[in-house]
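Here's the letter readout for the chains.
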Amino acid sequence: TIFPEYLAPLELSLIGKARRSGLVELAVHDLRDFTHDRHRTVDDAPAGGGAGMVMRPEPWGEAIDHVLAAGAGERPGVVPTLLVPSPSGRRFDQAMAHELAGLDWLAFACGRYEGIDERVLDDAAERLPVRAVSLGDYVLNGGEVAALAVIEAVVRLLPGVVGNAESLVEESHEGHLLEYPVYTRPASWRGREVPEVLSSGHHANVAAWRHEQRLRRTARRRPDLIAAWLAEHEPTPRERELLAEEGWVG
Ligand code: 6GU
């Protein structure tokens, strides 16, 4: 990155704690440390003309060589997977987070401006797996915020990082459904009550209500996810009824 300070939040909260307890190791590298001119230049005009600036290949090549050499000293024979945040990358999702959580070592190349000279990625791909990754269909100013998002989504899946492993199971995007709505005390607030079933103590009814809420909410907000859920579940007559009530048409 050319903005190491952008990644300062990696000291905080769950990820900071995971780092301090040795569950994950993170290092931030300043791309400008790999420049050799007085102005520490990292960008130049795009070949072929056009708007904006492109990141020059030399600092990136040196930075990647340095990260590879530094990390390889600690774990011989292991290479990182290089993730390149880009709106033209493959869409990041929970399945990819699980996949990345199974890898030993991830490296992120955070581009700015119009992007990184493509030869950097072609050159790196001869030595490492390289994957362009997008958060979604909108444009950020650079890869740092995307790298933070990917790191947070991946690190929380590592064993021991999230205290209560059960909270990883029932959350949104596990099993293709969104999470059910949650409530706490007080039982009545501004004339709004916590749904009665939740204070019934009847665990089966609570579980059935939550499942129904997940299905309804997903059909309403993210109908695109229902097809993936249906591919893995034969819906009960009740589930079919709920989907129909929410206007889902398959
Ligand atoms: Cl990964 N990078 C940038 N610059 N913009 C994005 C993105 C990534 N994902 C969505 N928009």
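Residues take numbers from 1 onward in each chain, read along the sequence in its written order. Side-chain atom pairs in this predicted model are given and counted only at pLDDT of 80 or more, local residue features only at pLDDT of at least 70, and totals for whole chains, interfaces and linings cover all residues. Side-chain descriptors were evaluated using all non-hydrogen atoms of the structure, hydrogens and water having been removed beforehand.

Undergrad: Please clarify how the site of the ligand should be interpreted in this entry.
TA: Nearness here has a simple test: a residue counts as near a molecule or strand if at least one of its heavy atoms is within 4 Å of that partner. The ligand sits among P85, S86, P87, V133, S134, L135, G136, Y138, V139, L140, G142 and A146. The separation between a nitrogen atom of the ligand and a polar side-chain atom of S134 is 3.5 Å. For the purposes of these results, a polar contact is taken to be a pair of N or O atoms within 3.5 Å, where, inside protein, one atom must be able to donate a hydrogen and its partner to accept one; residues adjacent in sequence count only when each atom of the pair is a side-chain atom. One of the backbone nitrogen or oxygen atoms of L140 is found 3.0 Å away from a nitrogen atom of the ligand. Counting residues per element, the ones that place at least two in the shell around the ligand are β3 (81-91) and β5 (130-134). For the shell around the ligand, the leading source of residues is β3, giving three residues. Only Asp, Glu, Lys and Arg are considered charged, only Ala, Val, Leu, Ile, Met, Phe, Trp, Tyr, Cys and Pro nonpolar, and every remaining residue, Gly among them, polar. Of the residues assigned to the shell around the ligand, the class counts are eight nonpolar, four polar and no charged. Where helices and strands are cited, they refer to DSSP runs of H or I of at least four residues and of E of at least two residues respectively, numbered from the N terminus.

Undergrad: Whenever I open this one, the pattern of salt bridges confuses me. Can you help?
TA: Where side chains of opposite charge bring their charged atoms close, a pairing between them can arise. Salt bridges are counted wherever a side-chain nitrogen of Lys or Arg sits within 4 Å of a carboxyl oxygen of Asp or Glu. Summed over all chains, the structure comprises 18 salt bridges. Salt-bridge contacts for D33 lead to R40; the nearest nitrogen and oxygen are separated by 3.3 Å. Note on R40: relative accessible area 34%, which makes it partly exposed. Via salt bridges that share partners, E212, R216, R220, R238, E241, E245 and E246 belong to a single interconnected network. Relative accessibility decides the category of a residue: with a 1.4 Å probe and only protein chains considered, values under 20% of the type maximum give buried, values over 50% give exposed, and everything between is partly exposed.

Undergrad: Can you walk me through the pairing of β3 in this structure?
TA: Moving residue by residue along a regular strand, the side chains alternate between the two faces of the sheet. When β3 meets strand β4 (residues 106-108), the two strands line up parallel, connected through three bridges. Paired with T81 across the bridge in β4 is L106. Following the backbone out of β3, through helix α3 (residues 94-101) and into the adjacent parallel β4, one traces a crossover that is right-handed. Pairing between two strands requires that DSSP report at least two bridges joining them. Assignment of crossover handedness uses the view with strands pointing away from the viewer, where a clockwise path from the first strand over the helix to the second indicates a right-handed crossover.

Undergrad: Looking at this model, I keep getting lost on the packing of aromatic side chains. Mind explaining?
TA: Remark: the centre distance and the inter-plane angle together describe each pair of aromatic rings, the angle taken between the planes. Paired rings are identified among Phe, Tyr and Trp, the last through its six-membered ring, by centres lying within 6.5 Å, and are further divided according to the angle between planes into stacked (under 30 degrees), edge-to-face (over 60) and tilted (the rest). Counting across every chain of the model gives one aromatic pair. The interplanar angle of 55° and the centroid separation of 6.1 Å between the aromatic rings of F3 and Y6 together place this pair among those described as tilted. By relative accessible area, which is 34% here, F3 ends up partly exposed. Positioned over the ring face of W105 is R75, at 5.8 Å from the centre of the ring. A ring has a charge above it when a Lys NZ or an Arg CZ is no more than 6 Å from the ring centre and no more than 35 degrees off the ring normal.

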